[in-house]
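# Geometric and topological summary
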Amino acid sequence: MKMQNVYSTLKFEPSSTVMVTTVADPALTATGLTEGFAVLPVAGLPGLVTSAESQGKSVRVAGSLWSSTDVMATLDTSVTLVAEGETALARFLGCSQAGAPIISFAVGPSAILPGALTASVVASGARLVHIDAGMKIHRLLEFLASSFINLSPLLPIKGPWCLPNMGASSGQRVIGAVSTATHGGAFERSPLADSVRALRVIGPGGVDVWLEREGSRALTTVDTLPGLPTTTVLRSDELFLATLVSVGAMGVVTELVIEAQPEVGMSQQCKTRPWSKVRAALESGKIFDLSEDGVEDKHPEVVEGGDISVAPEGLEILINPYRLSDNYGPEGDDERNCRVIYRALRLGAPADDETLSQTLASAQQFVSLVLAAPAIGDLLANVGVTTISLFAMFELGALPVYREIIEVLHQVLRSDTDGFAPVHKVLDTFDGNGWIPPGMSFEIAIPTTDGRHLALLDEMLAEFDALVAEGKRFAGFFSVRITRPSAATLAMQQSWEAVLNQDTGPQICHIEVLTLNDISLDLDGVIDFGGDLESSSEHFVRAFVACAERHGARLHWGQTHFLDRQRVIADYPLTLHSWRRARTRLCSQAPTASWRTFSNAHSRRTGLESYHEAVAALVNSGSTEAFTLTGENEVTIHAGGAEPDVFNTTSIPVCTPVAAVNVRTLNPTGGGGGTTSPDVQRVVFSQAVDGRMAWVTAQQKGVLSLKSSMLSCTGPWSAVDDGAEVHLLAVDGGGMRWARAMHLFGIWTAIHVTPGVGLLAHTLSACVDSAGTTHVVGLSDQRVLLHGTHTQNAGGWTFQSLPVALQPVPGLGVPVVPLLTGPVAVTSTAPGVVHIFGVGRDGQLFHIWGSVVTVVPFAWEEVPVFVPGPPMLEIEARDLGGDDAYQVFPHEWRLTPRPVGPLAVVTRDGWIDVTGRTDRGSLFRLSRAPSGTWDAIASPIP
């Protein structure tokens, strides 16, 4: 079954497609996992998941295909689930208000709403709707906005409702918008995901789970939900908030309970204003004031004679980046225009007219407006053609042409309302009559604290000016919106304060960068959207993404993004650990569950994996052994080509990475109890769900526990034995938490990275050299390689950034240093000499080595890695053009597996063994001989 996204920028054909339907047909079973197409009722999803797992296949959901990235679909997915048509997976399962059920011909009685609700939810008067997660947003909006009499005369009449916040389009399926943190422009409201009160998920192992918040924020009270006797109810903030925004990596979300609000009228007014004034109003906060917005305009006024209050609600600023002066030299005036869209609510009253909405321009109207622009008219007259490409105008015209095209786009995208319309009629541009110019976009989110958003915008506009001065042209503009933060663990608007209390936390500024596809305009009104993206756009997009990284801004999961593991780690330093721990817990709910079921190239590239992927290694009797976390209570030893040895950690369910170390202990050897001899035990460490440290001795396969809490640690950790003590090292809020212990007992001691060096960002590895010095290596949030040392009986730690020598690119002579984006691992071959391994942006494996006791820069090399494996599927995708085309699907063009991490490295008799995972999830091992030569082929590990 061939598929493509709505922008026609991405086309692919999954190897196996299963259409999911709500039709209860016993003839439909969980078959069709062979190559081809099958139909399956939603009740058969658990069976399909377990069937896929038994065959070693991965599962992915494809919704309305609105994304332009591999969040939508990945090339290595074995089974793709789709819901075809408007009504597939789109039932209204229940509806209630203030604890009273609302029953109509559109929605039937629900035992959950209100039968299982908590007393506090009932008392709050909450308006709740229980739906299939595959429902399209515009269908949900139409239902919420409708009013109808209840079938029971004793029950309340349903009035018009609306969503608390929504984006500019409603063609997506609800779960697609929720799971990518789609938002609106209401500056005092959180994204759509924060309106969700419960989720039903089919997870690994086919487990059927109902997720809610815990404590006072719980939705229901019973352990077994009416009508869902086999569904496991889990009330956990960590699990619920992690699953809300999980881009399909947690499982298949089949149902949602959303809290709505009463419908009110909204007015929208659009004004063109100079950016300098709008920026000043943003900085002062006056732009959010109804009476004085700081740019010489007011929000819509109250109807004459009325006593209904009007409140400011939303804001959208469309910035035309081209200067009005057309002068990009140092003496040029940098003023530019922007379109300011003000929105206000009329409180306590519905809309003036249920059919009222903004007027959206058609494609033909866009053509007419473009052709009527003065500079464009002059251009066409000079060229003397009847049909011209939009980007031909960019190539042939002067700077005023570019500015006028963007001005026209701003006019057609938003317009004034004549009064107060229903909220969704104002915000939604997906009504079948309007037109959205084809193209691609990416979006940045950054807190407004201390003017960070304005500093970022200033730098992006400065980068734009510099590129235009070089003669490059950009077919696009910026859209700025502001919301409240989200409590969802991986929402780009995520705020730690919002996790604790959704009413606190800074406002979040969203900067969307829109780039147009080429368009052929016919003077007779014919329009063709078949062109590619404008060739210079790549340079601008790369510059803007670099600005976002420098300012610590986050990228939208569902739009074009350039995310890798290190970028995601740096973006979510306080919550990624919680998300990965939640995924590990969810993967352990069923005995047959596989953590690979919902794993794919995108999740592995960005690090959205459970901690089951973690790898540890040590040397035992001259051979390298790898250790992995297999299930909830299982640790597996991979020793060479032998079959893996699995042992159980009994009573302690572990849910964090494993670390392995040879621990030296003293055991009695003779009579009288006074004689001792050294003994070495292989010990594997992990962390329990409750925060306790657990360790397992490989010889005895027994479990002990270190009761010191690690809950405050925000990421991976490592363990080493320096001959006298065991050291446990963990990332903790940008610093490092350190425990030193004899005989596996110790007290955590917190230390922090030296100021000015940078912050550790989840990536941490440690080793001990032959002189007894402990070395720890990690990446900072800016990808700086950090190194710390600790010498026995010498007190604390010393940290530094490692000087890595510049090396020329083969054939080009351009000096570069390796850009590490993935996990790092370290080992030592001599006193003070360390060998560091890390993964690069394009799937390279880098080796960096040197002595920390000299001033000579470290040397580096790219390790030749070839891991045998099946090729990925073929794909047809447009790129951004330019000199070195940046693929819409980064990295996935590779035909063979490449390393993405995590990595583990050990030294044995002069050899260095590197163990890690590929982008297919498989284990590999690569060895370096004492002479410095590498294996020609990496060995797959069973």
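Keep in mind that what you see is a predicted model, and the values were worked out from it rather than measured. (Residues numbered from 1 in each chain as written. Predicted model: local features only at pLDDT ≥ 70, side-chain atom pairs only at ≥ 80, totals over all residues. Heavy atoms only, no water.)

## Things to note about unusual backbone geometry
Cis geometry marks the peptide bond from Leu113 to Pro114; its omega dihedral reads 10°. The topology assignment puts Pro114 in the loop between strand S8 (100-101) and helix H2 (119-123). In this structure, Ala181 is a non-glycine residue whose phi angle is positive, near 65°. The topology assignment puts Ala181 in the loop between helix H4 (174-179) and strand S11 (196-202). You can call Ala181 buried: its relative accessible area is 1%. (Helix = DSSP H or I, 4+ residues; strand = E, 2+ residues; numbered from the N terminus. Buried < 20%, exposed > 50% of the residue type's maximum accessible area, 1.4 Å probe, protein only.)

## Quick notes on the pattern of salt bridges
All chains considered together, the criterion is met by 28 salt bridges. Across the pair Arg235 and Asp223 runs a salt bridge whose closest N-O atoms are separated by 3.7 Å. Remark: Asp223 occurs in the loop between strand S12 (208-212) and strand S13 (232-235) and Arg235 occurs in strand S13; sequence separation between them is 12 residues. A residue is classified by how much of its surface remains accessible, and Asp223, at 61% relative accessible area, is exposed. Salt-bridge contacts for Arg583 lead to Glu609; the nearest nitrogen and oxygen are separated by 3.5 Å. Placement of the pair is Arg583 in helix H16 (residues 576-586) and Glu609 in the loop between helix H17 (601-606) and strand S26 (616-620), with a sequence separation of 26 residues. Assigned by exposure class, Arg583 and Glu609 land together as buried. The network of salt bridges with common partners includes Arg200, Asp208 and Glu255. (Salt bridge = Lys/Arg side-chain N within 4 Å of Asp/Glu carboxyl O.)

## Let's talk about the pairing of strand S44 (residues 820-830)
Along a regular strand, successive side chains alternate from one face of the sheet to the other. Burial analysis of S44 places nine of its 11 residues in the buried class, which makes it a mostly covered element. Examined bridge by bridge, S44 and strand S45 (residues 833-840) share seven bridges and lie antiparallel to one another. Of the residues in S45, the one forming a bridge with Leu820 is Gly840. Connecting the antiparallel pair S44 and S45 is a turn made up of two residues, with Gly832 showing a positive phi of about 80°. (Pairing = 2+ DSSP bridges.)

## A word on the sheet that holds strand S49 (residues 899-908)
Taken in spatial order, the four strands of this open sheet run S49-S50-S51-S52, and their pairing is antiparallel. Strands with a single pairing partner mark the edges of an open sheet, and in this sheet they are S49 and strand S52 (939-941). Put simply, the sheet's adjacent strands are angled 30° from each other on average, direction ignored. Summarising the sheet, S49 and strand S50 (residues 911-918) pair through seven bridges and their orientation is antiparallel. When the sheet's bridge partners are listed, Pro899 is paired in S50 with Thr918. (Axes fitted to C-alpha atoms, helices over the stretch in contact; angles between N-to-C directions.)

## Focus: H16
Working note: α-helix, 3.6 residues per turn, so residues spaced by three or four point in the same direction. The buried fraction of H16 is high, at 10 of 11 residues. If you check which residues of H16 are buried, you get Leu576, His577, Ser578, Trp579, Arg580, Arg581, Ala582, Arg583, Thr584 and Leu586.

## Here's the deal with the environment of Ser828
Mapped onto the secondary structure, Ser828 falls in strand S44. On the accessibility criterion, Ser828 (12% relative accessible area) is buried. Residues within four places of Ser828 in sequence aside, it is in contact with Cys767, Val768, Asp769, Val833, Val834 and Thr907. In this structure the side chain of Ser828 is engaged in a polar contact, spanning 3.0 Å, whose partner is the backbone oxygen of Ala830. At 2.7 Å, the side chain of Ser828 and the backbone oxygen of Val833 are in polar contact. (Contact = heavy atoms within 4.5 Å. Polar contact = N/O pair within 3.5 Å; in protein donor to acceptor, adjacent residues only side chain to side chain.)

## With respect to the pairing of strand S40 (residues 785-790)
Of all six residues making up S40, six are buried, and the element is well covered by its neighbours. Burial along S40 is two-sided: Leu785, His787 and Thr789 facing one way and Leu786, Gly788 and His790 facing the other are all buried. Summarising the sheet, strand S39 (residues 774-780) and S40 pair through six bridges and their orientation is antiparallel. In the sheet register, Gly778 faces S40, and the bridge partner there is Leu786. The pairing of S40 with strand S41 (residues 798-801) spans four bridges and is classified as antiparallel. Looking across to S41, one finds that Gly788 is bridged to Phe799.

## Comments concerning the packing of aromatic side chains
In the structure shown here, the tally under the stated rule is 13 aromatic pairs. Between the aromatic rings of Phe540 and Phe544, the centroid separation amounts to 6.3 Å while the plane-to-plane angle is 50°, which identifies the pairing as tilted. Here the residue Phe540 and the residue Phe544 both occupy positions in helix H14 (residues 537-550), the gap between them amounting to four residues, near one helical turn. Phe544 shares its class with Phe540; the two are buried. Each residue in the set Tyr322, Phe464, Phe474, Phe478, Phe540 and Phe544 is aromatic and connected to the rest through ring pairs, giving one cluster. (Phe/Tyr/Trp six-rings, centres within 6.5 Å; stacked < 30°, edge-to-face > 60°.)

## Examining the nonpolar core
By size, the foremost hydrophobic cluster in this structure holds 127 residues, and its most contacted members are Leu140, Leu256, Leu282 and Ile317. No other element matches the eight residues that helix H12 (residues 452-469) contributes to this core. Contacts of Leu282, omitting those with residues within four sequence positions, involve Trp275, Ile287, Phe288, Leu315, Ile317, Leu454 and Ile482. Judged by nonpolar contacts, the second largest core, of 15 residues, contains Val18, Ala52, Leu81 and Leu89. (Core = buried A, V, L, I, M, F, W, Y, C linked by side-chain atoms within 4.5 Å.)

## Quick look at the confidence of the model for the chain
Overall, the predicted model of the chain reaches an average pLDDT of 75, with 67% of residues at or above 70. Contacts for the low-pLDDT stretch residues 25-35, under 50 throughout, to residues beyond four places or in other chains number 26 contacts. (pLDDT = per-residue confidence, 0-100.)

## Here we look at the side chain of Arg917
Tracing the sequence through the fold places Arg917 in strand S50. Despite its burial, Arg917 pairs with no opposite charge; the closest candidate is Glu613, at 5.4 Å N-O. (Lys, Arg positive; Asp, Glu negative; His and termini not counted.)

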